[in-house]
Amino acid sequence: MYEPNDLIKQSSFPMKIVNFKWERVQLFITLSIPKKDIQDLEYYLYHPITEKKVYFSHIEYVGDLIELRINMMNSWEDHSPVPSGRWLLFAQKRGSDTINIATTCPSLIDFETVERDKNMNHFHKVFSASKTQFYSVRPIANDENAVLYISIHFKRIIQKTKREIAREKRRKKRREQILEVRKQVFSAIYTLSKKMIGITENRILFTSDSRAVLGGNMEFVYNRMIDRDLKKDFDIKMLFKKNITDRRNFLDKLKLPYYLATSKTILVDDFHPLLYNLDFDKSQNIIQLWHASGPFKTVGYSRIGKPGGPSINGKSHKIYTSAIVGSEHSTPFYAEAFGMHEEDVYPTGIPRIDSFFDEGYKASIRNQMYEEFPQMKTADKVILFAPTFRGSGPKTAYYPMHQIDFDKLAKYAKENNAVVVFKLHPFVRDNVVIPDHYKDLFLDAFKYREINDLLLVSDLLITDYSSVVFEYSLLNKPMIFYGFDVYDYISSRDFYEGFGNFVPGKIVRTFNELMNAIEKEDYDIEKIAVFRDKYFKYQDANSSDRVIDWLILDNFPKEISRGQKQKLLNDNKKE
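Quantities reported herein were computed from a predicted structural model and do not represent experimental measurements. (Residues numbered from 1 in each chain as written. Predicted model: local features only at pLDDT ≥ 70, side-chain atom pairs only at ≥ 80, totals over all residues. Heavy atoms only, no water.)

### A word on the domain arrangement of the protein
Turning to step 1, where the next piece is worked out: Along its sequence, the protein is carved into domain 1 (4-156), domain 2 (175-353 + 549-566) and domain 3 (359-535).
Turning to step 2, where the next piece is worked out: Placing a centre on the C-alpha atoms of domain 1 and another on those of domain 3 gives a separation of 34 Å. (Domains from an automatic or database assignment.)

Here's what the structure looks like:
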């Protein structure tokens, strides 16, 4: 993993930047290096994610100093501008692997600014050749060790004609009008059902806006209710939708507001926007069985102020009577995310991990997986590549596929009789495009909804910031965390706990580092046990039972206190 502190320690001599200067499109950087070390050096800008280099076109020795010059507009491929990203300044002796990284002289840094990325703003240069392009070069000094970053932002803006702008406005207005009509119809059905029919005491609704059929935590709770012969006591209804951007069929559009108004208990497992503006009765029991098994990347109200985050006075999530976690350690994080009181978040355990303690179930799932993906059965190693999405939400979700070197991965798979299974986040609508000549080595599990099933047949997990790490830790199998954009992710999304100390496995920043860790089996596997015990209070097959007993049947053990909302449900039941 790229770490500035490590590179400073590895540098064979100090290299200080003592001045910046602009002349039109030419950037001049003046360095101070011990005289004995200046011979046979190459100087270049280095992009730590793509591992690309841009060499300085001019090097001049001025007394004890070295002046570098680069034309920012034509030093890239095909004489194009140096592309966007955060670049470092390196010096490397010809024929040597030793890298020396440049740090910034304190006199160049503005220590008074509160904006970290603007502590060298006096050297910032913006090029705006026209209304359709924007090019910015901003030097930045790392707060901790003054390592220099040159942050480049290159944006091309597509100009639209007046006719296109007018057409877009008309379409937007029409969409808003249609949406408003739908909301009014939905609200009318809900209100009439609530007033004229009321709550059916034994009705339970399982609903999700991000899965087509029953699955995940809800499926395990439902199946356990069937095993316990509880179905005869309840009127169970189900309504699902493939993903948050899909539309329901006509009949389901009528059923959903009716069931929401008349169900005593409602179980959800994800963000469900249609619920949050409804005026639920205080006697209704709304249980959030969140699909993630622990707090990793921030969600909900933990993202206030971040791109795609909720407003301070938002209504999302706050309707829940209760939510579940794997241990008390996770309680404050989930309460914060959902805008709830901590007393209403219960350490029941996660229902879908019950299967991890059922050997018969695991054997059945493995056989099912081998039928679905025959290559897994004959492979010596199954590698699961399961990253989270980038973007602010379901409508903008993507994964930067250019960060995967398919040729290198295929070469390893072929030489080691391995198969690589790609399972992108459900929000990402683009499949992994697998070339025909790699069909035997790569598998796309895009259509397979339950990632836990894939975990059971995998020997190695490659992920980044996905909460799948929680379940995988229960299998005591190795993980590698490919965090090529970890600093950007922290600024846009952030984590509940420090990424470096949190993850139970090896962290890498480049694809070469990833392949090196795979080849050498360098996994940091000793981190798993501590992680597992921290996030799973109950490591057994009884989490579904605890959800049913505590939150649906209201049979709490003496050592678990009811939260205020659960007490209110109990009081209403007595009345």
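Further notes follow.
### Some remarks on the side chain of Ser-210
Turning to step 1, where the next piece is worked out: With respect to the element layout, Ser-210 can be found in the loop between β13 (200-208) and α3 (216-227).
Turning to step 2, where the next piece is worked out: Of the residues examined, Ser-210 reaches a relative accessible area of 8% and is grouped as buried.
Turning to step 3, where the next piece is worked out: A polar side-chain atom of Ser-210 sits 3.0 Å from a polar atom in the side chain of Asp-270.
Turning to step 4, where the next piece is worked out: Residues within four places of Ser-210 in sequence aside, it is in contact with Lys-241, Lys-242, Asn-243, Ile-244, Asp-270 and Arg-449. (Helix = DSSP H or I, 4+ residues; strand = E, 2+ residues; numbered from the N terminus. Buried < 20%, exposed > 50% of the residue type's maximum accessible area, 1.4 Å probe, protein only. Polar contact = N/O pair within 3.5 Å; in protein donor to acceptor, adjacent residues only side chain to side chain. Contact = heavy atoms within 4.5 Å.)

### Re the sheet that holds strand β20 (residues 418-422)
Turning to step 1, where the next piece is worked out: Ordered by their spatial adjacency, six strands build an open sheet running β21-β20-β19-β22-β23-β24, and the pairing between neighbours is parallel. Since the sheet does not close on itself, it has two edges, and those belong to β21 (442-444) and β24 (506-508), each with one partner. Across the sheet, the mean angle separating the axes of adjacent strands is 20 degrees when strand polarity is ignored.
Turning to step 2, where the next piece is worked out: Set on the sheet, helix α8 (residues 406-415) makes contact with β19 (381-385), β20 and β21; between it and β20 the angle comes to about 140 degrees.
Turning to step 3, where the next piece is worked out: Taken strand by strand, helix α13 (residues 511-520) contacts β22 (460-463), β23 (479-482) and β24, and its axis lies near 175 degrees from that of β23. (Pairing = 2+ DSSP bridges. Axes fitted to C-alpha atoms, helices over the stretch in contact; angles between N-to-C directions.)

### What to know about the pattern of salt bridges
Turning to step 1, where the next piece is worked out: Scanning all chains against the criterion turns up 28 salt bridges.
Turning to step 2, where the next piece is worked out: Across the pair Asp-209 and Lys-241 runs a salt bridge, and its minimum N-O distance is 3.8 Å. Pair noted here: Asp-209 is in the loop between β13 and α3 and Lys-241 is in the loop between β14 (235-240) and α4 (250-262), with a separation of 32 residues, a long-range link. Each member of the pair, Asp-209 as well as Lys-241, carries the same accessibility label: buried.
Turning to step 3, where the next piece is worked out: Here Arg-211 ties to Glu-450 by a salt bridge, and the two come within 2.9 Å at their closest N and O atoms. Of this pair, Arg-211 sits in the loop between β13 and α3 while Glu-450 sits in the loop between β21 and α9 (451-456); the two residues are 239 residues apart in sequence, bridging distant segments of the chain. Per residue, the accessibility class of Arg-211 equals that of Glu-450, and both read buried.
Turning to step 4, where the next piece is worked out: Here the residues in one salt-bridge network are Arg-224, Asp-227, Arg-228, Asp-545 and Asp-549, joined through shared partners. (Salt bridge = Lys/Arg side-chain N within 4 Å of Asp/Glu carboxyl O.)

### Comments concerning the environment of Ile-518
Turning to step 1, where the next piece is worked out: The topology assignment puts Ile-518 in helix α13.
Turning to step 2, where the next piece is worked out: Spatially, the C-alpha atoms of Ile-518 and Asn-121 are 41 Å apart, while their sequence positions differ by 397 residues.
Turning to step 3, where the next piece is worked out: Those residues in contact with Ile-518, other than ones at most four positions away along the chain, are Tyr-412, Leu-460, Ile-462, Ile-480 and Tyr-523.

### Here we look at unusual backbone geometry
Turning to step 1, where the next piece is worked out: Notably, Arg-24 is not glycine yet its phi reads approximately 60 degrees, a positive angle.
Turning to step 2, where the next piece is worked out: Positionally, Arg-24 belongs in the loop between β1 (16-23) and β2 (26-32).
Turning to step 3, where the next piece is worked out: The residue His-317 is not glycine, and still its phi comes out positive at about 75 degrees.
Turning to step 4, where the next piece is worked out: With respect to the helices and strands, the residue His-317 is situated in the loop between β16 (285-288) and β17 (322-324).
Turning to step 5, where the next piece is worked out: Judged by its relative accessible area of 4%, His-317 falls in the buried class.

### Here we look at a positive patch on the surface
Turning to step 1, where the next piece is worked out: Residues Arg-163, Arg-167, Arg-170, Arg-171, Lys-172, Arg-174, Arg-175 and Lys-395 make up a contiguous surface patch of positive charge.
Turning to step 2, where the next piece is worked out: Turning to its location among the elements, Arg-167 is positioned in helix α2 (residues 162-196). (Patch = residues over 30% accessible without salt bridge, like charges linked within 9 Å, V, L, I, M, F, W, Y side chains within 5 Å. Areas by Shrake-Rupley, 256 points an atom, 1.4 Å probe, with all protein chains shown as cover. Lys, Arg positive; Asp, Glu negative; His and termini not counted. Charge placed at Lys NZ, Arg CZ, Asp CG, Glu CD.)

### Concerning helix α6 (residues 359-372)
Turning to step 1, where the next piece is worked out: Over its 14 residues, α6 runs 20 Å from end to end, which matches the ideal 20 Å to within 8%, given 1.5 Å per residue.
Turning to step 2, where the next piece is worked out: Of all the positions in α6, only Lys-362, Ile-365 and Met-369 are classed as buried. In an axial view of α6, the angular spread of the buried residues amounts to 65 degrees, which keeps them on one side of the axis. Opposite the buried face of α6, by more than 90 degrees, sit the exposed residues Gly-360 and Glu-371.
Turning to step 3, where the next piece is worked out: Where α6 begins, the side chain of Asp-358 points an oxygen toward the backbone nitrogen of Gly-360, at a separation of 3.1 Å. (Expected span 1.5 Å × (residues − 1). Arc of directions from axis to C-beta.)

### Let's talk about the packing of α2 against α4
Turning to step 1, where the next piece is worked out: One way to put it is that α2 packs onto α4 with a least axis distance of 8 Å and a crossing angle of 40 degrees. Taken as axis vectors, α2 and α4 run oblique relative to one another. Judged by the sense of rotation from one axis to the other, the crossing of α2 with α4 is right-handed. Residues Arg-182, Phe-186, Ile-189, Tyr-190, Ser-193 and Lys-194 of α2 form the contact with α4, whose own contacting residues are Lys-253, Leu-254, Leu-256, Pro-257, Tyr-258, Leu-260, Ala-261 and Thr-262.
Turning to step 2, where the next piece is worked out: Here the residues of the contact of α2 with α4 are counted per class, giving nine nonpolar, two polar and three charged. (Parallel < 35°, antiparallel > 145°, perpendicular 65-115°, else oblique. Left-handed = near helix turned anticlockwise from the far one by under 90°. Nonpolar A, V, L, I, M, F, W, Y, C, P; charged D, E, K, R; others polar.)

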